[in-house]
Amino acid sequence: MSEQDTSASSGGIGGRAVVTLGRILISIFIPFVAFVVLWGGFIFLRDTNAPQGIIASVAIIWGVGGVALLFWVADWVVNRLPLQTAKKLQPFVFVGPALVILGWYLFIPALRSLYLSFFDARSQAFVGLQNYVFAFTDPKMLESFVNNLMWIVLGTGGAVGFGLIIALLADRSRFEKFFKALVFLPMAISFVGAGVIWRFVYAYKPPMEEQIGLLNAMVTFFGGEPQAWFTMQPWNNIFLIVILVWLQTGYAMVIISAALKGIPSSIIEAGRIDGATEMKIIIRIIIPSIFSTLVTVATTIIIISLKIFDIVFTMTNGNYGTEVIASMQYKQMFRFLHYGRGSAIAMVLVIAVIPVMWYNLRQFSKREGF
Amino acid sequence: MKKVVVVLLVFLMAGAAVFAAGQRETVDEKVVTVFGAFVDEEARRFEEAIRPFTDATGIEVRYEGSSEFETLISVRVEGGNPPDIAALPQPGLMQNFAQQGHLVPMWNSLEQLVDSNYAPVWKDLGSEGGTPYGVFHRVNAKSFVWYPKKAWDAAGYEIPTTWDELEALMDQMVANGHTPWAIGIESGGATGWPGTDWVEDVMLRTAGPEVYQQWIDNEIPFNHPAVKEAFEIVGDIWFNDDYVYGGRNYILTTSFGDSPRPLFEDPPRAMMHRQGNFVTTFFPDRIQDNLEQEVGVFPLPSINPEWGIPVLGGGDQFVVFNDTPEVRQFMEFLATWESGKLWAQAGGALFPYLDQDLDAYPNEIERSLAEALVNAEVFGFDASDLMPGQVGAGSFWTGIVDWVNGRNLDTVLNTIQRSWP
């Protein structure tokens, strides 16, 4: 009896063991196959001499299909696990790839920059804080800190201020859509593109030649002397900041305008009935109601002005006292090939951006967007 | 489950096909890859110039040029993916790569060719620690003054042979109501370099080649009196609004390529322009078409007779990263006049070969430039290309810009000296 029992049960156990083993094997085999396929695609793309067209299409199929395959295989494997475990692992299947990619392309490089910032030009000898000493004492660096501050204050102030004024005025206009579209247009232009356009605005020719710059053409039309705008320190910084304001006002205006529409009209009407002037309504009612929007817009533009590079790079290249932190970083890293200093300046920039970013995200989370 | 199997099969087959496709691509072709800084028209002329090599040997030379060359070559070398051959515009780059052991030194047959076909200065410029690496091909010479010939003939100006004569000529021009110079130093990310050339040219003439070399090695500081004197001589011309068309603002804001244009207005707005042989490609088309009738050129005069008329110049040196028989053949070809002849005929390039046939140059002007280059007693390689990048491509350029924009000379020189790594 007992023998039969054991044999029967052992047969059952054995059968279940085979099934379990099979399932485990399949669960290992399928990811393995997927890995081989992906790896094969990678090797092919790395080593091939095939025509560009074939490489491009293989890359697209491999890239998109690979991501789909990875997700599908991971999901499939997780679903084969016991329900409780599967539930716990499921979120990682969705978020995991994003985390891995962020880690690989953002987090690790940032750590590496931090590491490199303590080494010399060729990243061979440890130099301690020397690169940071450079970043905070070099005259050009100090100049770029002052300039960046100017960018933050005037650039952000200008874009948000004009954005608010235009949003308020457009709100009261019959041609609201048209005006807003007009102001929003420069948003579609890249910073470098804007640089090229504004080069023609600021272009300078000597007095005896025909002026091709818009601004100088106007100045000479009214009988003035043409000016070399880029070389006028420190005003040239403001001429550059104007470009940022021109680009970003549209963004500020659209967001602020949307917030304006969200203010209940009953509050404003109540104010009017109580006899408040229009100015008072704007200052006491409208601005407080959209304050969190203003903060969000301002912090976004502050981050843009902290990282500003393209405009300076295309217009003056940091000459004539217009250097900013990002252009210094580029020069140290890619022109002078001083990886230590370049990395140190990058770290300084990151540290300067973090508080603004953190404040920005907190604002978002208050509105449950984050 | 069936679906799963089907999908997997498809992927497996695709993978297999991919492998198979990859396998087929391993046919050995005789190819030499060359990476350099010159692009567009210059790259086209280079490719044309080396075609006789491909015709004769069947070895294909793939040239790739990039305007971001200096950055990319370091990235590629450090990434373990260097080209077979690179054309380095700055000897400093060659020294870095040589010290790191990335370069293949010259082999005997190539070294013999270089010894017999170049002036010794070129081999020295291509050497690091006594080992020769680089072969020069196209070079440029910068100590030349260009002038509108017809206007000069009409005004009866004569070519100055000493600095005093040059100064007298400038005053004579001002007295005649002419503006002597047209100068522009704007050049995008490299704004200021034409100014460094001026200072270097004067430095070679006042201080001589030995002090010039000490200056490059920072054995004398950047604020040394000899350097300051060179800046001051340049400043005496540049900051005299009677001497320079448009004054400081024109110097600062005009791109070096546009800056000679006032010479070719009718009547000319300026009478002289100092720039290298390559500047002819920036002249207006109608001038380029009649170069010999429209344009004259003379070497920037001597200041201290002890040094004669030095020539300031530069050039790309070709260095080897991968040692293959094809690469060796191509390098030896580059060391011969054959590799330059077609380009010389096309114009816009000078070559340092001793056995070159000066008749190949398309006009009298380029012929005389090539002659001046080959016969120069003192040849100085562009100092800013030899200094560390922080200075030569950094504070020296920006220093020139600040100086022209009104900053005090001592401050400028001290700032440059402080930036020396």
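Residues numbered from 1 in each chain as written. Chains lettered and ligands numbered in written order. Predicted model: local features only at pLDDT ≥ 70, side-chain atom pairs only at ≥ 80, totals over all residues.

Visitor: Is there a simple way to explain the overall build of chain A in this structure?
Guide: Across its full length, chain A holds 15 helices and zero strands. Against the globule reference of 21 Å for 370 residues, chain A gives a C-alpha radius of gyration of 30 Å, more extended than a compact globule. Expressed as lengths along the three principal axes of its C-alpha atoms, the size of chain A is roughly 115 × 65 × 45 Å. Out of the 370 residues belonging to chain A, those deemed buried represent 29%. If you take every contact in chain A between residues at least 6 apart in sequence, the share linking residues at least 24 apart comes to 66%. (Helix = DSSP H or I, 4+ residues; strand = E, 2+ residues; numbered from the N terminus. Rg over C-alpha atoms; globule rule 2.2 N^0.38 Å. Buried ≥ 20, exposed ≤ 12 C-beta atoms within 10 Å, placed from the backbone. Contact = placed C-beta atoms within 7 Å.)

Visitor: Please clarify how the overall build of chain B should be interpreted in this entry.
Guide: Along chain B, the regular secondary structure elements total 21 helices and 11 strands. Within chain B, the proportion of its 421 residues that are buried is 44%. Pairs at least 24 apart in sequence give 76% of the contacts found in chain B among residues at least 6 apart.

Visitor: I keep staring at the confidence of the model for chain B and nothing clicks. Help me out?
Guide: Any segment with low pLDDT has predicted coordinates that should not be analysed in fine detail. Residues and elements named next belong to chain B. Averaged over every residue, the pLDDT of chain B is 87; residues scoring 70 or more account for 93%. For the stretch residues 19–27, pLDDT sits under 50, and the model shows 11 contacts to residues farther than four places along the chain or on other chains. Quick note on the complex model: pTM equals 0.79, ipTM equals 0.74. (pLDDT = per-residue confidence, 0-100.)

Visitor: Just checking my understanding: could you explain the environment of Ala344(A) for this structure?
Guide: Residue and element names in this part refer to chain A. With respect to the element layout, Ala 344 can be found in helix H15 (residues 339–366). C-alpha of Ala 344 to C-alpha of Gln 332: the two residues are 12 residues apart in sequence and 9.9 Å apart in space. Residues within four places of Ala 344 in sequence aside, it is in contact with Ser 117, Asn 131, Tyr 132 and Ala 135.

Visitor: Got a minute to help me understand the sheet that holds strand S7 (residues 144–148) of chain B in this structure?
Guide: Whether parallel or antiparallel, the strands of a sheet pair through hydrogen bonds between backbone atoms. Residues and elements named next belong to chain B. Read from one edge of the open sheet, three strands run S8-S7-S9, paired in antiparallel fashion. Of all the strands in the sheet, just strand S8 (273–274) and strand S9 (295–299) have a single pairing partner and so form its edges. The pairing of S7 with S9 spans five bridges and is classified as antiparallel. Note on S9: the bridge partner recorded for Trp 146 is Val 297. (Pairing = 2+ DSSP bridges.)

Visitor: How should I be thinking about the interface of chain B and chain A in this particular structure?
Guide: By a frequent convention, interface size equals the accessible area lost on bringing the separate parts together. Counting from both sides, the interface comprises 28 residues of chain B and, opposite them, 28 residues of chain A. Of all elements in the fold, only helix H1 (2–23), helix H4 (69–78), helix H13 (247–253) and helix H20 (389–404) of chain B reach the threshold of two or more residues within the side of chain B that touches chain A. Examining the composition of the side of chain B that touches chain A, we find that eight residues originate from one element, H1(B), more than from any other. Among the residues making up the side of chain B that touches chain A, the classes are represented as 11 nonpolar, 16 polar and one charged. (Nonpolar A, V, L, I, M, F, W, Y, C, P; charged D, E, K, R; others polar.)

Visitor: How should helix H9 (residues 235–261) of chain A be read in this particular structure?
Guide: In an α-helix, one turn spans 3.6 residues, which is why side chains three or four residues apart end up on the same side. Compared with the 39 Å implied by 1.5 Å per residue over 27 residues, the 38 Å span of H9(A) between its first and last C-alpha is a close match. The largest bend in H9(A) amounts to roughly 40° and is located at Gln248(A). (Expected span 1.5 Å × (residues − 1). Bend = angle between axes of the 7 residues up to and from the residue.)

Visitor: In this structure, what is going on with the nonpolar core? I would like to understand it.
Guide: Side chains of a nonpolar character, in soluble globular proteins, are inclined to be buried together. Formed by 170 residues in total, the largest nonpolar core has its most connected members in Ile85(B), Met203(B), Val319(B) and Phe330(B). Per element, the largest residue contribution to this core is 12 residues, and it comes from H9(A). Beyond its immediate stretch of four places on either side in the chain, Met203(B) contacts Tyr212(B), Trp215(B), Val227(B) and Ala230(B). (Core = buried A, V, L, I, M, F, W, Y, C linked by C-beta atoms within 7 Å.)

Visitor: Honestly, unusual backbone geometry in this entry has me stumped. Any pointers?
Guide: Working note: non-glycine residues mostly have negative phi, and peptide bonds are mostly trans. Residues Gln233(A) and Pro234(A) are joined by a peptide bond in cis, for which omega reads -10°. Note that the residue after Asp266(B), namely Pro267(B), is joined by a cis bond; omega there is -5°. Non-glycine residue Tyr320(A) carries a positive phi angle of around 55°. Along the chain, Tyr320(A) turns up in the loop between helix H13 (310–315) and helix H14 (325–335). In this model, Asp40(B) sits at a positive phi of 55°, which is unusual for a non-glycine residue. Note that Asp40(B) resides in helix H2 (residues 40–49). Owing to 9 C-beta atoms within 10 Å, Asp40(B) belongs among the exposed residues under this scheme.

Visitor: I would appreciate a short explanation of the domain arrangement of chain B in the present structure.
Guide: All names here are of chain B. Domain annotation for chain B reports domain 1 (31–141 + 312–381) and domain 2 (144–309 + 387–418). Relative to domain 2, the C-alpha centre of domain 1 lies at a distance of 27 Å. In this complex, domain 1 contributes 15 residues to the contact, which on the side of domain 2 involves 20 residues. Counting residues per element, the ones that place at least two in the side of domain 1 that touches domain 2 are strand S6 (135–141) and helix H18 (364–375). Looking at which element gives the most residues to the side of domain 1 that touches domain 2, the answer is H18, with five residues. (Domains from an automatic or database assignment.)

Visitor: Teacher, can you tell me more about the domain arrangement of chain A here?
Guide: Residue and element names in this part refer to chain A. If you check the domain split of chain A, you get domain 1 (2–116) and domain 2 (130–366). Taking the mean C-alpha position of each, domain 1 and domain 2 sit 46 Å from one another. Taken together, the contacts link four residues of domain 1 with six residues of domain 2. Considered class by class, the residues forming the side of domain 1 that touches domain 2 number three nonpolar, one polar and no charged.

Visitor: Looking at this structure, how should I read the packing of helix H7 (residues 191–202) of chain A against H9(A)?
Guide: The description of two packed helices rests on the angle between their axes and on the distance between the axes. Residues and elements named next belong to chain A. Close contact between H7 and H9 brings their axes to 11 Å; oriented N to C, the two are set at 130°. On the basis of their axis angle, the class for H7 and H9 is oblique. For the crossing formed where H7 meets H9, the hand is right-handed. The residues of H9 that touch H7, namely those facing Phe 191, Ala 194, Trp 198 and Tyr 202, are Phe 239, Ile 243 and Leu 247. For the contact of H7 with H9, the residue count by class is seven nonpolar, no polar and no charged. (Axes fitted to C-alpha atoms, helices over the stretch in contact; angles between N-to-C directions. Parallel < 35°, antiparallel > 145°, perpendicular 65-115°, else oblique. Left-handed = near helix turned anticlockwise from the far one by under 90°.)

Visitor: Whenever I open this one, the packing of helix H10 (residues 193–206) of chain B against helix H12 (residues 225–238) of chain B confuses me. Can you help?
Guide: All names here are of chain B. With their axes 9 Å apart at the nearest point, H10 and H12 run at an angle of 120° to one another. Relative to H12, the element H10 is oriented oblique. Pair H10 / H12 crosses with right-handed handedness. On H12, the residues touching Trp 198, Val 199, Val 202, Met 203 and Thr 206 of H10 are Val 227, Glu 229, Ala 230, Phe 231, Ile 233 and Val 234. Partitioned by chemical class, the residues of the contact of H10 with H12 number nine nonpolar, one polar and one charged.

Visitor: Looking at this structure, how should I read the pairing of strand S10 (residues 311–320) of chain B?
Guide: A regular strand places its side chains on the two faces of the sheet in alternate fashion. Residues and elements named next belong to chain B. Most of S10 is tucked away: 10 of the 10 residues are buried. Neither face of S10 is exposed, since Val 311, Gly 313, Gly 315, Gln 317 and Val 319 on one face and Leu 312, Gly 314, Asp 316, Phe 318 and Val 320 on the opposite face are all buried. For strand S3 (residues 85–88) and S10, the ladder comprises four bridges, and the chain directions are antiparallel. Note that in S10 the partner of Leu 88 across the bridge is Gln 317. Across three bridges, S10 lies against strand S11 (residues 379–381) in parallel orientation. Bridge pairing in S11 places Val 311 opposite Phe 379.

Visitor: Would you explain the environment of Trp337(B) in this entry?
Guide: Residue and element names in this part refer to chain B. With respect to the secondary-structure elements, Trp 337 resides in the loop between helix H16 (325–334) and helix H17 (338–346). Each C-alpha atom, one on Trp 337 and one on His 137, is 8.9 Å from the other, the two residues being 200 residues apart in sequence. Contact partners of Trp 337, with chain neighbours within four places excluded, come to Tyr 353, Asp 355, Gln 356 and Asp 357.

Visitor: Help me understand the confidence of the model for chain A, please; the structure alone is not making it clear to me.
Guide: Confidence along chain A averages 86 in pLDDT terms, with 95% of residues attaining 70 or more. Overall, residues 1–9 of chain A carries pLDDT values under 50, and its contacts beyond four positions in sequence, including any with other chains, amount to zero contacts.

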